[in-house]
Amino acid sequence: YGNNPEAGHYAGAGDARIYYELYGQGEPLVVLHGGNLGSTYEMAGFIDKLSPSYQVIAVSTRGHGRSEIGAAPFTLEQRANDALAVINAVTQDSVIVLGFSDGAYSGYKLASLYPERVKKLIAIGAGEMKPGPGTFNLTSKAVFALDEPYWQQQLQLMPEPERVDEFFAKLSDFYKGLTASKELFHSITCPVLVIAGERDQNAHLSTVIAAYYMLPNSQLAIIPNATHTVFLENFPAVWECISPFL
């Protein structure tokens, strides 16, 4: 997943081409992976489970995998519009969206901006977010040290690997300004299932519960003793929450 020529396509989204893969047949369901070290591959369990019953649209976020970086600064609205460009390339119907971390924030924004296109949203590991005193200064050297083999693989997929330092600079600026507050959550009208690990170190439990209370039509699932990558740590529990919501 994320590097499959037989399933891969591109959609034009302003100043960048966004890569996506299609699997299965049926009602369209968009899968949005996490950021930074995220990739379509991490969503494999979901794609495997969903593709027998849905048309899964697995999107590689701008700058990740085979998707281009573009020239504009990274913003949440831009990510929502990137996802919409892919959706429009595949279907004119409304879709279900399943997003993790960065992908969940993109899903929130997509559902807010285009309520007629999102019928349900599953948001994993993404709560209330306010710019704070913390700083993001991602560099290729620091990030590569976390998983060198993975990044060597990713560089081979990137259309412009020579821009990797620029990519991390854009991503750092994006995180510094990322906001998900009452204004965003109150504007989302579709049913939302909010899922998080009890010990999520990125979206702390209090922020996830706050988002749940601010969403007008929401359900909440907290998986005990799991961290940010809750679906990689306890996929059966996550799936048992998702299945009845779908």
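Parameters and conventions
Residues numbered from 1 in each chain as written. Predicted model: local features only at pLDDT ≥ 70, side-chain atom pairs only at ≥ 80, totals over all residues. Heavy atoms only, no water. Phe/Tyr/Trp six-rings, centres within 6.5 Å; stacked < 30°, edge-to-face > 60°. Buried < 20%, exposed > 50% of the residue type's maximum accessible area, 1.4 Å probe, protein only. 1 Å grid on protein atoms, 1.4 Å probe; cavity = no way out; pocket = protein on both sides within 12 Å on 5 of 7 lines; lining within 4 Å. Points joined across faces, edges and corners; volume = space filled by probe spheres on them. Helix = DSSP H or I, 4+ residues; strand = E, 2+ residues; numbered from the N terminus. Nonpolar A, V, L, I, M, F, W, Y, C, P; charged D, E, K, R; others polar.

Undergrad: How should I be thinking about the packing of aromatic side chains in this particular structure?
TA: Aromatic rings in a pair are described by how distant their centres are and how their planes are angled relative to each other. Under the counting rule described, the total for this entry stands at 16 aromatic pairs. Ring geometry for Tyr150 and Trp151: centres 5.5 Å apart, planes at 80°, overall edge-to-face. For Tyr150, a relative accessible area of 14% gives the class buried. Overall, the relative accessible area of 3% leaves Trp151 in the buried class.

Undergrad: Honestly, empty space enclosed by the protein in this entry has me stumped. Any pointers?
TA: Rolled over the atoms, a probe sized like a water molecule indicates the empty space that remains. Scanning the entire structure with this criterion turns up 2 cavities of 30 Å³ or more. The calculated volume of the largest cavity comes to roughly 100 Å³. Surrounding the largest cavity, 13 residues form its lining, Leu32, Thr61, Arg79, Asp82 and Ser106 being those nearest its centre. Going through the elements one at a time, α2 (76–90) and α3 (102–113) are the ones with two or more residues in the lining of the largest cavity. Taken together, the residues of the lining of the largest cavity break down into 4 nonpolar, 5 polar and 4 charged. Size it by volume and the second largest cavity reaches roughly 40 Å³. The dominant element in the lining of the second largest cavity, judged by the number of residues it contributes, is helix α5 (residues 148–157), at 3 residues. Here the residues of the lining of the second largest cavity sort into 4 nonpolar, 5 polar and no charged.

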